[in-house]
Amino acid sequence: MEGKKTREEVEKSGMIDTWMKKHRMIYTGATKHPFILSIRDGTVDLEAFKTWLGQDYIFVRAFAPFVASVLIKAWKESDDCSDMEVILSGMASLNDEIAWFKSEATMWGVQLSEVVPQKANQDYCRFLESLMSPDVEYTVAITTFWAIEAVYQASFALCLEDGSKTPAALRETCRRWGNDGFGQYCNSLQKIANRRLGKTPDDVLTKAEVTLLRVLEHEVEFWNMSHGAA
Ligand SMILES: Cc1ncc(CN)c(N)n1
């Protein structure tokens, strides 16, 4: 019979894997959402896609300062100087991402200056802002950062798998987050998060787990917002 794992056993396999198993339902809800499945099976409503595009541009503009706040925490609190390089590479890809959103929006006829953030987006951005506080521990922030990136990586990688019927016009979008390089970057973030979680006091561990669950809920709401808007 399988008993409860000791903290030492959990540390060996990595806290993130343990949490992914424990919270499998909500993780699957965030990474295999009907909106993503509609891209994958080729039935996606292009109006829903355009809604997602405009809303995600606004999200990414709020996400960049959050990542900057993680960088500051890494500089102040990290026990490994290579963490900063991984976070910086994430910031550099956000710079590309913002430029990509602008050219993609032009292609789809979406006026980014006229996009009004919807409630789910506002709530998610406010949540990110709350995590920028210096009171939030680096371990909590880096776990959050990993989760946000990992949901997009897993979701869009699904649309590139063999047998998927992703429309040609959306394949580049899927490659942006579903490519192997982005997958490796997410693995690097996961490694940092696991290392920190493995040596954090129980109260911070609980905070990180709760924050991870909030991310997954916000991601589901974000997909719902795009999917339901068509
Ligand atoms: C809502 C959301 N979540 C995650 C990502 C990936 N940076 C994003 N662009 N937008």
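Just above sits the structure.
All residue numbers refer to positions counted from 1 along the written sequence of the respective chain. Local features are withheld for residues below a pLDDT of 70 in this predicted model, meaning they are given only at 70 or higher, and side-chain atom pairs are given and counted only at 80 or more; totals for whole chains, interfaces and linings count all residues. Excluding hydrogens and water, the side-chain values take into account all heavy atoms of the structure.

Re the overall build of the protein
Next, step 1: A helix here means a DSSP run of H or I that spans at least four residues, while a strand means a run of E at least two residues long, and both kinds are numbered starting from the N terminus. Per the secondary structure count, the protein includes eleven helices and zero strands.
Next, step 2: Along the protein, helices (α) and strands (β) appear in the sequence α-α-α-α-α-α-α-α-α-α-α when read from the amino end.
Next, step 3: Our radius of gyration looks at C-alpha atoms and nothing else; its globule reference is 2.2 Å times the residue count to the power 0.38. Computed over the C-alpha atoms, the radius of gyration of the protein is 18 Å, within 12% of the 17 Å expected from 2.2 N^0.38 for a compact globule of 230 residues.
Next, step 4: When its C-alpha atoms are laid out on the principal axes, the protein stretches across 50 × 45 × 30 Å.
Next, step 5: Each residue is assigned to one of three classes by its accessible area relative to the maximum for its type, calculated with a 1.4 Å probe on protein chains only: buried under 20%, partly exposed between the two thresholds, exposed over 50%. Buried residues in the protein amount to 50% of all 230 residues.
Next, step 6: For this analysis, residues touch if any pair of their heavy atoms sits within 4.5 Å. Across the protein, the fraction of contacts at a sequence separation of at least 24, relative to all contacts at a separation of at least 6, is 87%.
Next, step 7: To measure how exposed things are, a 1.4 Å probe is used in the Shrake-Rupley method; for residues, cover is taken only from the protein chains shown. Put simply, the protein shows about 11300 Å² of open surface, and 54% of that area lies on carbon and sulfur atoms.
Next, step 8: Of the charged side chains in the protein, 26 are positive and 33 negative; the average position of the first set lies 2 Å away from that of the second. The charge count treats Lys and Arg as positive and Asp and Glu as negative. His and the chain ends do not count. A charge is said to be at NZ when it belongs to Lys, at CZ for Arg, at CG for Asp and at CD for Glu.

A look at the nonpolar core
Next, step 1: In this text, buried Ala, Val, Leu, Ile, Met, Phe, Trp, Tyr and Cys residues form a nonpolar core when linked through side-chain atoms within 4.5 Å. Within the largest apolar cluster, 77 residues are counted, with the highest numbers of intra-cluster contacts made by Trp 52 and Phe 145.
Next, step 2: Looking at this core element by element, the count peaks at 16 residues for helix H5 (residues 46–77).

Some thoughts on the environment of Thr 144
Next, step 1: Here Thr 144 shows up in helix H8 (residues 138–158).
Next, step 2: The class of Thr 144 is buried, set by a relative accessible area of 1%.

Description of the site of the ligand
Next, step 1: When we say a residue is near a molecule or strand, we mean one of its heavy atoms is within 4 Å of it. In the vicinity of the ligand, the contacting residues are Asp 56, Phe 59, Val 60, Phe 63, Glu 97, Tyr 124, Ile 148, Glu 149, Tyr 152, Trp 177, Glu 219 and Phe 222.
Next, step 2: Here a polar contact means two N or O atoms within 3.5 Å. Within protein one must be a hydrogen donor candidate and the other an acceptor candidate, and residues neighboring in sequence count only if both atoms are side-chain atoms. Note that a nitrogen atom of the ligand is positioned 2.6 Å from one of the side-chain N or O atoms of Asp 56.
Next, step 3: In this structure, a nitrogen atom belonging to the ligand sits 2.7 Å away from a side-chain N or O atom of Glu 219.
Next, step 4: When the ligand sits alone it has 280 Å² of accessible area, and the protein chains cover 100% of it.
Next, step 5: Of all elements in the fold, only H5, H8 and helix H11 (202–228) reach the threshold of two or more residues within the shell around the ligand.
Next, step 6: The dominant element in the shell around the ligand, judged by the number of residues it contributes, is H5, at four residues.

Some words on the state of the cysteines
Next, step 1: What counts as a disulfide here is a pair of cysteine sulfur atoms lying within 2.5 Å. In this structure the tally under the stated criterion is zero disulfides.
Next, step 2: No disulfide involves Cys 159; its sulfur sits 4.2 Å from that of Cys 174, the nearest cysteine.
Next, step 3: As a non-bridged cysteine, Cys 186 has Cys 174 as the owner of its nearest cysteine sulfur, 15 Å distant.

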